[in-house]
Amino acid sequence: MSEPGLIRDVVRGVPVFPEEMPPFDPGAAPASPVDLFVEWLKRAVEDGIAAPHAVNLATTGEDGVPDARVVILKDVTSAGWQVASSMDSPKGRQLRKHPAAALTFFWPAAGRQVRIRGSVSTGTTEENDADFQRRHPVARALVLAGSQSAVLRSREDLEAAVEEQVHRIEAADGLASTTWTVFTVAPDAVEFWQADQERRHMRLLYTRFGEGWRRELLWP
Ligand SMILES: Cc1cc2nc3c(=O)[nH]c(=O)nc-3n(C[C@H](O)[C@H](O)[C@H](O)COP(=O)(O)O)c2cc1C
């Protein structure tokens, strides 16, 4: 047990943002949040920010309580932000029952956060399979071996199941999964947040407006 105040002392003063951060001029922001996101993501990749495509995916639990976990961004198109997982995982079941989600990217070295909210659709069988086949064989074996997030009795069970499924994958070229699914979050609102050393953080919110987007600044 940690004494009250101990952790406060540990985290106090740990810097959150670097001295130098990329400039952000909301006045020059493109009309579409997808274009601005792509600009920011490419910049994050160029700047060597760790795992810039790791994103927090928040869903509504089957019990109504929010749930969240980190997943990998697969692609971004005019339709939205794509992530992938098993339909029989908790998040898959949650998204089937309540097809809406929030995504949060945080790129600490750039002092940047992007928040996306929207409805969720699932890929076609072909899209889901194409993504599945691009995955590492062990990642595919894990999907075929068991239900994600089910209780695991032992690591030996895991090793045996993975080994069995790897053999199946090697024996049958293009072995498909019935559960692997690409989820697309179609944005209703996208917020770009840029830290400012003087704490006058810059926030630009895009919300759907007719065929296009309304852009508004938000109080930090
Ligand atoms: C960096 C990182 C990337 C991950 N990427 C994925 C992913 O793309 N798909 C996935 O299903 N789980 C991914 N996971 C695991 C999830 O965070 C989570 O543990 C798992 O999907 C089970 O979530 P659920 O029980 O809410 O369904 C990733 C975890 C980390 C830390």
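Residues numbered from 1 in each chain as written. Predicted model: local features only at pLDDT ≥ 70, side-chain atom pairs only at ≥ 80, totals over all residues. Heavy atoms only, no water.

Spelled out, the test is: UniProt positions are given in the numbering used here, feature names are shortened, and annotations may be inferred rather than shown by experiment.
An unreviewed UniProt entry annotates the protein as Pyridoxal 5'-phosphate synthase originating from Arthrobacter burdickii. What the UniProt record of the protein gives under Sequence similarities (unreviewed entry) is the line "Belongs to the pyridoxamine 5'-phosphate oxidase family." The UniProt entry for the protein carries this comment under Cofactor (unreviewed entry): "FMN".

1. Examining the nonpolar core
Soluble globular proteins tend to bury their nonpolar side chains together. Spelled out, the test is: Residues grouped as a nonpolar core are buried Ala, Val, Leu, Ile, Met, Phe, Trp, Tyr and Cys residues, joined through side-chain atoms within 4.5 Å. Exposure classes here rest on a 1.4 Å probe applied to the protein chains alone. A residue is buried below 20% of its type maximum, exposed above 50%, and partly exposed in between. Helix and strand assignments come from DSSP, with helices taken as H or I runs of at least 4 residues and strands as E runs of at least 2, each series counted from the N terminus. We call two residues in contact whenever any of their non-hydrogen atoms come within 4.5 Å of each other.
Residues Phe37, Trp81, Phe105, Trp107, Val114 and Phe192 are the most contacted members of the largest nonpolar core, which totals 33 residues. Among the elements of the structure, helix 2 (33–46), strand 1 (54–60), strand 4 (80–86), strand 5 (100–107), strand 6 (112–122), strand 7 (180–194) and strand 8 (202–209) are those that each provide at least two residues to this core. Ranked by residues supplied to this core, first place goes to helix 2 with six residues. Once you skip the residues sitting within four places of it in the chain, Trp107 turns out to touch Phe37, Trp40, Leu41, Ala44, Ile49, Pro52, Arg112 and Val114. One finds Leu158, Val162, Val166 and Leu175 within the second-largest nonpolar core, a separate group that totals six residues.

2. Structural notes on the pattern of salt bridges
Counted only if it meets this: The working definition used for a salt bridge is a side-chain nitrogen of Lys or Arg within 4 Å of a carboxyl oxygen of Asp or Glu.
Enumeration over the complete set of coordinates arrives at seven salt bridges. For Lys74, the salt bridge goes to Asp131, with nearest N and O atoms at 3.0 Å. On the criterion of sequence distance, the pair formed by Lys74 in the loop between strand 2 (66–72) and strand 3 (75–77) and Asp131 in helix 4 (residues 125–134) is long-range, its members being 57 residues apart. On the accessibility criterion, Lys74 (34% relative accessible area) is partly exposed. Overall, Asp131 belongs to the buried group, its relative accessible area being 5%. Two residues, Asp157 and Arg153, come together in a salt bridge whose shortest N-O distance is 3.3 Å. Counted as one network, the salt bridges with shared partners bring together Arg115, Glu191 and Arg203.

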